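# Chain and residue survey
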Amino acid sequence: MKNIINKLLLAMLFTLTLVSASHADNMKKMGDINVHYIALGSTFLTPEIAKAYGIERSRYKGLVNISVLDNTQKGNPSKTVFIKGKARNDVGQIKSLDFTEVKEGDAVYYLAQVSYSNEETIYFDINITDKGQQHNLTFSQKF
């Protein structure tokens, strides 16, 4: 029971960390889904949260968090989807994003890390497959 409570507290802290690090809620409606996304420096996470989720904290590592909600159902519950993506920097170097699916109770989200240089803008191209339908999410983040 204590492990379950600790995991729930870590999940709440993780969510609060991401929400407080975001200046605005980044969301795009794509057909039957709402895609929430954020990219931030991994040092925004506490060492405890980073360790719990296997995230490397570094001033040159970013974290991408994607969550997908079903906007056809009451309460917009989380959805499990297939997600892949890549990141590109200003000089055209392309890096694959290896997303890990995280399930915390009813919540489902996808995490990936990306390397960057100081003050570098990274351009993200994320492909989300939901029930055979392809959705493309593009955004950028200056780290």
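Relevant structure appears above.
Residues numbered from 1 in each chain as written. Predicted model: local features only at pLDDT ≥ 70, side-chain atom pairs only at ≥ 80, totals over all residues. Heavy atoms only, no water.

What follows deals with the overall build of the protein chain. A tally of helices and strands in the protein chain yields two helices and nine strands. What you see in the protein chain, going N to C, is helices and strands ordered as α-β-β-α-β-β-β-β-β-β-β. In the protein chain, buried positions account for 42% of the 143 residues. Looking at the protein chain alone, contacts between residues at least 24 apart form 57% of all its contacts between residues at least 6 apart. Entry remark: accessible area of the protein chain is about 8,500 Å², with carbon and sulfur atoms responsible for 51%. (Helix = DSSP H or I, 4+ residues; strand = E, 2+ residues; numbered from the N terminus. Buried < 20%, exposed > 50% of the residue type's maximum accessible area, 1.4 Å probe, protein only. Contact = heavy atoms within 4.5 Å. Areas by Shrake-Rupley, 256 points an atom, 1.4 Å probe, with all protein chains shown as cover.)

Turning to the side chain of serine 42, a few remarks are in order. If you trace the backbone, serine 42 turns up in the loop between strand S2 (33-41) and helix H2 (47-53). At 2.9 Å, the side chain of serine 42 and the backbone nitrogen of serine 58 are in polar contact. (Polar contact = N/O pair within 3.5 Å; in protein donor to acceptor, adjacent residues only side chain to side chain.)

Mapped onto the secondary structure, aspartate 90 falls in the loop between strand S4 (82-88) and strand S5 (94-97). Among the residues examined, aspartate 90 registers a relative accessible area of 51% and is labelled exposed. Separated by 30 residues in sequence, aspartate 90 and glutamate 120 place their C-alpha atoms 7.5 Å apart. Excluding residues within four positions of it along the chain, aspartate 90 makes contact with Thr121 and Tyr123. Only 2.9 Å separates the side chain of aspartate 90 from the side chain of tyrosine 123, close enough to count as a polar contact.

Okay, unusual backbone geometry next. One non-glycine residue, glutamate 119, lies in the positive phi region at around 65°. Along the chain, glutamate 119 turns up in the loop between strand S7 (107-115) and strand S8 (121-130). A positive phi angle, near 50°, is found at lysine 131, a position not held by glycine. By the secondary structure assignment, lysine 131 is in the loop between S8 and strand S9 (133-142).

A few words now on the pairing of S5. When a strand is regular, its side chains alternate between the sheet's two faces. By the bridge criterion, four bridges tie S4 to S5 in an arrangement that is antiparallel. Bridging from a neighbouring strand, lysine 86 pairs with serine 96 of S5. Here S4 folds back onto S5, and the loop between the two strands holds five residues, one of which, glycine 92, carries a positive phi near 90°. (Pairing = 2+ DSSP bridges.)

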